[in-house]
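A structural walkthrough
For reference, the chains in residue letters:
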Amino acid sequence: MRSSMDRFGILMVTFLSVIQSGFGFYLPGSYPHKYEVGDYLNMKVNSLTSIETELPFTYYSLPFCKPSEGIKDSAENLGELLMGDRIENSPYRFKMFKNESEIFLCQTEKLSADSFKLLKKRIDEMYQVNPMLDNLPAIRYTKKDGYVLRWTGYPVGIKVQDVYYVFNHLKFKVLVHKYEEANVARVMGTGDAAEVIPTIGKKDSEELGYMVVGFEVVPCSFAHNVDSTNKLKMYERYTTPIKCDSTSVSMSVKEGQSIVFSYEVSFEESDIKWPSRWDAYLKMEGSKVHWFSILNSLMVITFLAGIVLVIFLRTVRRDLTRYEELDKEAQAQMNEELSGWKLVVGDVFRAPSNPSLLCVMVGDGVQILGMAVVTILFAALGFMSPASRGTLITGMLFFYMILGIAAGYVAVRLWRTIGNGEHRGWMSVAWKAACFFPGIAFLILTTLNFLLWGSHSTGAIPFSLFVILILLWFCISVPLTLIGGYFGAKASPIEFPVRTNQIPREIPAQKYPSWLLVLGAGTLPFGTLFIELFFIMSSIWMGRVYYVFGFLLVVLILLVVVCAEVSLVLTYMHLCVEDYKWWWKSFFASGSVAIYIFIYSINYLVFDLKSLSGPVSATLYLGYSLFMVLAIMLATGTIGFLSSFWFVHYLFSSVKLD
């Protein structure tokens, strides 16, 4: 009984600590690995990356030392493969808590003309090597103008006065913490909360061991004596001391010359605990900017909420109250003197042009919006940490497929509502909802994948993964969407509160094009998210870690409110000038934010990604931006349409006009 109560206490305190620290709590992606003194630590390597090309390549595409046991791929999930990660073993190995220096790794074969040319190209393109130890990326510290800058990985080499130098000696520092008993109190507890969680097990059974809590690297360029390394074997000590000076370079790269690689490692005991070991990567800089973004969004919401309040309380309510207070004879007389939105009562629910396309786009928008909300919520609670590589992308795919039920249901029920309860055609609408957005995404990604294949980049999706994605689409997503469509067809359609006239009413000439107002409305939702958008773009294209999902969740909620308010206000304005064609306009009033995001993406490419080189890189950037913009348009447009539909239905159900 005592043991079960202890476990219940552990679960409750853990749950409360997760809720309490939703803005930065990190749930470890794996349990601590205990290493005893002298145990081997094997370093792994991820793909070579560059912010200049955005094309990842495998580590062994360059003339680096290969492990004696052969190159082996680590287990990768769907998200890792889609992100272009290729984690492989490396010949670098360390012994726990044993400092080593002047360790000879290997001497490469003499560089051929092709290898020399490729190495120079990768140095010119500023490619980075990305080592990993115990799932932690290597971090590099540099100083500039009195500030300490943090980087992950290290550059392949550097060009100085038209001479190319390679970083062939690596100085590693491994931060370790004494291994503590692997219970919730010690692994997940931080601060005072850990004191109140009961410990399970016996301390006496603990053996001395360490956990890896930090991994740092200093790259150096050192000119080895090639003749003295000819007889050395891997992991033997170099004959002369190696001075690692990161401020100077000496190992120049020349055709027909081999490169000698070496390393040194030191261990340092640290106070950093296991749950905090990712803090060095996730330190949130510029939090004031995020708060400014939220305050800016709140000001926009308050302004729009004031307008909505005026519409409801002063205009709509006043008109309805006046109308209800009149007797029947006065109402009949008033009906002849109607003006504004009351004149379009017989046309306001007239079916829009291309109704099936509207239903499909709204259904897909619900699916994308639901996926975004659920994914960001889980990420804000810490369930999709960087330690679990690829979980964010994998989670998004999983939630998107499951929410196919919602897409089918909404699309088909809206189709039946517009068609006054007509059953025919619901299967076609459900099929279109299952294939519209995934089909466009598949077309864009396939085109970009051919470019990546042509560049021999690891960012290219393997053919086997292509088959898996198609199977997931047609074996899970499509059937779930059709099931949702079936339930949508069975559900009763939403009844319109007023009848639609047989002859459509003529819309009076407008002083200004209504579409101009619709396109301009997108500036308000864009104003709520453009600051956060900069951090997201920097995370995707500049190789920075984005982990302020708490802020992102707040911004998403604010964006939903702004989109709903903007669309509602514009719909009311159109009805007031007797323009009853509000269906598509309500969708694009909030969906037009995608246009401004795409313009911002081009601006980011021109001014922030100046170093992006080559037509392939620019095409990749624009292709992925187009994919992102399409998803945002469907999600935000759906918010605007559904809020306007509710508003129009409420408005005309509150008064009976013949």
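I will try to describe carefully the structure that is included in this document. (Residues numbered from 1 in each chain as written. Predicted model: local features only at pLDDT ≥ 70, side-chain atom pairs only at ≥ 80, totals over all residues. Heavy atoms only, no water.)

Remarks on the pairing of strand β12 (residues 210-220)
For the record, the criterion: Here the term buried applies to any residue with accessible area under 20% of the maximum for its type, exposed to any over 50%, and partly exposed to those in between, with areas from a 1.4 Å probe on protein chains only. Strands here mean DSSP runs of E at least two residues long; helices mean DSSP runs of H or I at least four residues long; both are numbered from the N terminus. Strands are treated as partners if at least two bridges between them are detected by DSSP.
Summarising burial for β12: 10 of the 11 residues are buried, a large majority. Relative to β12, strand β11 (residues 169-178) is paired through 10 bridges, and the arrangement is antiparallel. In the sheet register, H177 faces β12, and the bridge partner there is M211.

Quick look at the packing of aromatic side chains
Put simply, the rule is: Pairs were defined over the aromatic rings of Phe, Tyr and Trp, the Trp ring being its six-membered one, requiring ring centres within 6.5 Å. Orientation was assigned from the angle between planes: stacked under 30 degrees, edge-to-face over 60, tilted for the rest.
Tallied over the full model, the rule gives 47 aromatic pairs. Relative to F383, the ring of F378 has its centre 6.0 Å away and its plane inclined at 65°; by these criteria the two rings are edge-to-face. By relative accessible area, which is 34% here, F378 ends up partly exposed. Relative to W583, the ring of W582 has its centre 4.5 Å away and its plane inclined at 20°; by these criteria the two rings are stacked. This pair shows no difference in class: W582 is buried, exactly as W583 is. Members of the aromatic cluster, each reached through a chain of ring pairs, are F526, F530, F534, F535, Y596, Y600 and Y604.

Things to note about the side chain of D134
Spelled out, the test is: The definition of a polar contact used here is a pair of N or O atoms within 3.5 Å, where within protein one atom must be able to donate a hydrogen and the other to accept one, and adjacent residues in sequence count solely through side-chain atom pairs. Residue contacts are defined here by distance: any two heavy atoms, one from each residue, within 4.5 Å place the two residues in contact.
Structurally, D134 can be placed in the loop between β4 (128-133) and β5 (136-137). On the basis of relative accessibility, which here comes to 18%, the residue D134 falls in the buried class. A polar atom in the side chain of D134 sits 3.2 Å from the side chain of Y35. Setting aside residues no more than four positions away along its own chain, D134 makes contact with H33, Y35, V212, W274 and R277.

Here's the deal with the pattern of salt bridges
What counts, and what does not: Every case where a carboxyl oxygen of Asp or Glu lies within 4 Å of a side-chain nitrogen of Lys or Arg is listed as a salt bridge.
Counted under the stated rule, the structure contains nine salt bridges. Overlapping salt bridges bring together K173, E216 and E268 as one network.

A short note on helix α17 (residues 583-591)
Counting buried residues along α17, eight of its nine residues qualify, which places the element largely inside the surrounding structure. Within α17, the full set of buried residues consists of W583, W584, K585, S586, F587, A589, S590 and G591. As for α17, its buried residues are in contact with α9 (355-380), α11 (404-418), α14 (514-521), α16 (549-576), α18 (593-607) and α19 (615-653).

Examining the environment of T142
Relative to the helices and strands, T142 resides in strand β6 (residues 139-144). Overall, the relative accessible area of 24% leaves T142 in the partly exposed class. Placed 76 residues apart in sequence, T142 and V218 show a C-alpha to C-alpha distance of 9.4 Å. Those residues within four positions of T142 in sequence are excluded, and the remaining contacts are Y147, V148, L149 and W151.

Regarding the nonpolar core
This is how the line gets drawn: The nonpolar core is taken to be a set of buried Ala, Val, Leu, Ile, Met, Phe, Trp, Tyr and Cys residues, with the residues joined through side-chain atoms within 4.5 Å. Domain borders in the structure are assigned automatically or taken from a domain database.
Within the largest apolar cluster, 152 residues are counted, with the highest numbers of intra-cluster contacts made by F94, F172 and F652. Formed jointly, this core draws a minimum of three residues from each of two domains, domain 1 (39-186 + 207-281) and domain 2 (287-297 + 351-495 + 522-654). Those residues within four positions of F172 in sequence are excluded, and the remaining contacts are M43, Y92, F94, F215, E216, V217, Y263, E264, V265 and S266. Membership of the second largest hydrophobic core comes to six residues, among which are F104, L232, Y238 and V260.

Considerations on the packing of α17 against α19
Let me state the cut-off plainly: Angles shown run from 0 to 180 degrees and are taken between the N-to-C directions of axes, each axis being a line fitted to C-alpha atoms and, for helices, limited to the stretch in contact. Working definition: roughly parallel below 35 degrees, roughly antiparallel above 145 degrees, roughly perpendicular at 65 to 115 degrees, and oblique for all remaining angles. Left-handed describes a crossing whose near helix is turned anticlockwise from the far helix through less than a right angle; right-handed describes the clockwise counterpart. In this classification, the charged set is Asp, Glu, Lys and Arg, the nonpolar set is Ala, Val, Leu, Ile, Met, Phe, Trp, Tyr, Cys and Pro, and all remaining amino acids, among them Gly, are polar.
Running from N to C, α17 and α19 point in directions that differ by 130°, and their axes come no closer than 7 Å. The angle between the axes of α17 and α19 places the two elements in the oblique class. Where α17 crosses over α19, the two elements pack in a sense that is right-handed. Contacts from W583, S586, F587, F588, S590 and G591 in α17 reach M633, L634, T636, G637, T638, G640, F641, S644 and F645 in α19. By residue class, the composition of the contact of α17 with α19 is seven nonpolar, eight polar and no charged.

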